[in-house]
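# Architecture at a glance
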Amino acid sequence: MERYVEDYQKRRLTERVDIITAINILRSQGYGRDELIEEITKVFYVDLDAFNEIVMAA
């Protein structure tokens, strides 16, 4: 994902459904489990506890 967003432009990703959607989009683009957090934080501020729960459950 060749995206870079300035910090002031980042949207907060705190709802589980939004985090799941972002993860599914990244996975559909071929990103693996280890790459997800790096890519998702380029674009969003992410609730890391919720993110980890979702990734570990999948």
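Above this note sits the structure.
Now for a description of the structure that goes with this document. If you're wondering where the values come from, they're calculated on a predicted model, not measured in any experiment.

## Some details on the overall build of the protein
Looking only at helices and strands, the protein has 3 helices and 2 strands in total. The C-alpha atoms of the protein give 11 Å as radius of gyration, which agrees with the globular expectation for 58 residues (10 Å, within 12%). Residues classed as buried in the protein amount to 33% of the 58 residues present. Pairs at least 24 residues apart make up 67% of the contacts formed inside the protein by residues separated by at least 6 positions. Within the structure as shown, the protein displays about 4200 Å² of accessible surface, and the carbon and sulfur contribution to it stands at 49%.

## A word on the pattern of salt bridges
Under the defined criterion, the tally for this structure stands at 3 salt bridges. Among the salt bridges present, the one from Asp18 reaches Arg11, with a minimum N-O distance of 3.6 Å. Since its relative accessible area comes to 46%, Arg11 is described here as partly exposed. The partner of Glu39 in a salt bridge is Lys42, with the nearest N and O atoms 3.2 Å apart. Taken together, the residues Glu39 and Lys42, both in helix α2 (residues 33–43) and 3 residues apart, mark about one turn of the helix.

Calculation criteria
- Residues numbered from 1 in each chain as written.
- Predicted model: local features only at pLDDT ≥ 70, side-chain atom pairs only at ≥ 80, totals over all residues.
- Heavy atoms only, no water.
- Helix = DSSP H or I, 4+ residues; strand = E, 2+ residues; numbered from the N terminus.
- Rg over C-alpha atoms; globule rule 2.2 N^0.38 Å.
- Buried < 20%, exposed > 50% of the residue type's maximum accessible area, 1.4 Å probe, protein only.
- Contact = heavy atoms within 4.5 Å.
- Areas by Shrake-Rupley, 256 points an atom, 1.4 Å probe, with all protein chains shown as cover.
- Salt bridge = Lys/Arg side-chain N within 4 Å of Asp/Glu carboxyl O.

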